[in-house]
Amino acid sequence: MNLPLNIDFTGKTVVVTGAGGVLCGDMARAFAQAGAKVALLDLNEEAVVNLSNKLNEEGYKTKGYKANVLEPEMLEEVHQAVLKDFGPCDILVNGAGGNNPRATTDNEYQHEAKEGQKTFFDLDASGVDFVFKLNFQGTLIPTQIFAKDMVEKKSGSILNISSMNAYTPLTKIPAYSGAKAAISNFTQWLATHFAGTGIRCNAIAPGFLVSNQNRALLFNEDGTPTARSEKILKGTPMNRFVDSEELLGGVFFLCDDKAASAITGVVLPIDAGFAAYSGV
Ligand code: NAD
């Protein structure tokens, strides 16, 4: 992978949750290539162990750990293992997150609802809980565990992952939109709370990427774009999806103590212009 910025993270311990996924797997690789020791955390142990093995074969310092971001005891065990393997956490990327079909409506507008569709009134409360918990608590709990290292060191950087729907909600996914709005808000809260400790906290808000969690919403089974996909591109001034590697410049910049030394509490859209465009 070609790194977007020449920032040296040698000596830093970076913890990435959700590193078994598309976006955070790329982030983990980028930090490793930039010299960091990288702890890859994910519920999907196989994914992080495979990626870590691959990276280590290429000469990088990484390790995959099975971790559930919603289980504090399990995370504390992983924290102790990371301390032993790599030392205290300098950079935490809270990447684990996502939506769930149980919290998604079939229709965009109630007045267009057709017989048999799952409408707003059919949303499953446990599905809504799942999405809020995964995205919000799944950021809060790892921060409770790993930011302790940063408080002790009087330095560190936390990066959360927000989304376009935090600015204006997207149709069909009310819980995910609300949960990501909570992440933007929480990023500001953490930035303020930790301001006197030397810890900075920022977020990126990726635009529309093609990944596991949204592939079915963007493409039909035969690979053609869905109507939703066409709508997204119409609302994106650069008229294209964002590539996962295009997030890395923002990630490196916000996590670097020199480049972003006075930047805390910001949510950086990386979205090919989507959030800037009113649609007219
Ligand atoms: P992904 O589904 O590829 O990866 C998410 C990873 O999180 C998976 O490997 C999954 O196993 C892991 N995970 C799920 N629950 C977990 C838990 N309880 N504990 C630990 N790990 C868990 O998703 P992605 O597209 O790479 O998204 C990464 C982040 O970026 C998410 O927070 C997502 O909401 C956000 N995001 C994605 C997009 C997009 O278009 N893909 C846009 C904006 C924001």
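What counts and what doesn't
Residues numbered from 1 in each chain as written. Predicted model: local features only at pLDDT ≥ 70, side-chain atom pairs only at ≥ 80, totals over all residues. Heavy atoms only, no water. Disulfide = S-S within 2.5 Å. Phe/Tyr/Trp six-rings, centres within 6.5 Å; stacked < 30°, edge-to-face > 60°. Helix = DSSP H or I, 4+ residues; strand = E, 2+ residues; numbered from the N terminus. Buried < 20%, exposed > 50% of the residue type's maximum accessible area, 1.4 Å probe, protein only. Lys NZ or Arg CZ within 6 Å of the ring centre and 35° of its normal. Expected span 1.5 Å × (residues − 1). Arc of directions from axis to C-beta. Contact = heavy atoms within 4.5 Å. Polar contact = N/O pair within 3.5 Å; in protein donor to acceptor, adjacent residues only side chain to side chain. Near = heavy atom within 4 Å. Areas by Shrake-Rupley, 256 points an atom, 1.4 Å probe, with all protein chains shown as cover. Nonpolar A, V, L, I, M, F, W, Y, C, P; charged D, E, K, R; others polar. Domains from an automatic or database assignment. Buried area = accessible area lost by both parts, 1.4 Å probe.

Caption draft 1: Representation of the state of the cysteines. Taken as a whole and judged by the stated rule, the model has zero disulfides. As a non-bridged cysteine, cysteine 24 has cysteine 255 as the owner of its nearest cysteine sulfur, 11 Å distant.

Caption draft 2: Up close: the packing of aromatic side chains. Tallying each qualifying case throughout the model produces eight aromatic pairs. Considering the side-chain rings of phenylalanine 9 and phenylalanine 31, the 5.1 Å spacing of their centres and the 70° angle between planes classify their relative orientation as edge-to-face. You can see phenylalanine 9 sitting in the segment before β1 (13-17) and its partner phenylalanine 31 sitting in helix α1 (residues 22-33), a full 22 residues away along the chain. Residues phenylalanine 9 and phenylalanine 31 agree in their burial class; the two are buried. Aromatic pair phenylalanine 208 and phenylalanine 274: ring centres 4.8 Å apart, planes at 65°, arrangement edge-to-face. With phenylalanine 208 in the loop between β6 (199-206) and α6 (215-218) and phenylalanine 274 in the segment after β7 (267-270), this residue pair connects regions lying 66 residues apart in the sequence. The class of phenylalanine 208 is buried, set by a relative accessible area of 12%. Here the aromatic cluster, defined as three or more aromatic residues joined through ring pairs, consists of Phe9, Phe31 and Phe252. For the cation-ring pair, arginine 102 lies above phenylalanine 130, with the distance from its terminal atom to the ring centre recorded as 5.8 Å.

Caption draft 3: The arrangement of helix α2 (residues 45-57) in detail. Given a rise of 1.5 Å per residue, 13 residues ought to cover 18 Å, and the 18 Å separating the end C-alpha atoms of α2 matches this to within 8%. Those residues of α2 that sit buried are Val48, Leu51, Ser52 and Leu55. Around the axis of α2, the buried residues are gathered within 100° of arc, so they sit on the same side. Structural note: α2 exposes Glu46 and Glu57 on the side pointing more than 90 degrees away from its buried face. Check the buried side of α2 and you find it contacts α1, β2 (37-42) and β3 (61-66). Sitting at the amino-terminal end of α2 is asparagine 44, which places a side-chain oxygen 3.3 Å from the backbone nitrogen of glutamate 46. Positive phi appears at glycine 59, one or two residues downstream of α2, with a value of about 100°.

Caption draft 4: Inspection of the site of the ligand at higher detail. Taken together, 28 residues are adjacent to the ligand, and Leu23, Asp42, Asn68, Tyr176 and Ser211 come closest. Here an oxygen atom of the ligand and a backbone polar atom of valine 22 are 3.0 Å apart. Valine 69 places a main-chain nitrogen or oxygen 3.0 Å from a nitrogen atom of the ligand. Burial of the ligand by the protein amounts to 89% of the accessible area it has alone, namely 830 Å². Residues belonging to the shell around the ligand are distributed by class as follows: 11 nonpolar, 15 polar and two charged.

Caption draft 5: Quick peek at the domain arrangement of the protein. Each assigned domain of the protein is listed with its residue range as follows: domain 1 (13-114 + 121-207 + 247-273) and domain 2 (212-241). Computed from C-alpha atoms alone, the centre-to-centre distance between domain 1 and domain 2 is 24 Å. Taken together, the contact between domain 1 and domain 2 spans 13 residues of the former and eight residues of the latter. Overall, the association of domain 1 and domain 2 removes approximately 770 Å² of surface from exposure, summing both partners, and the carbon and sulfur fraction of that is 46%. For the domain 1 face of the interface with domain 2, the top three residues by lost area are Val22, Glu108 and Ala272, together amounting to 48%.

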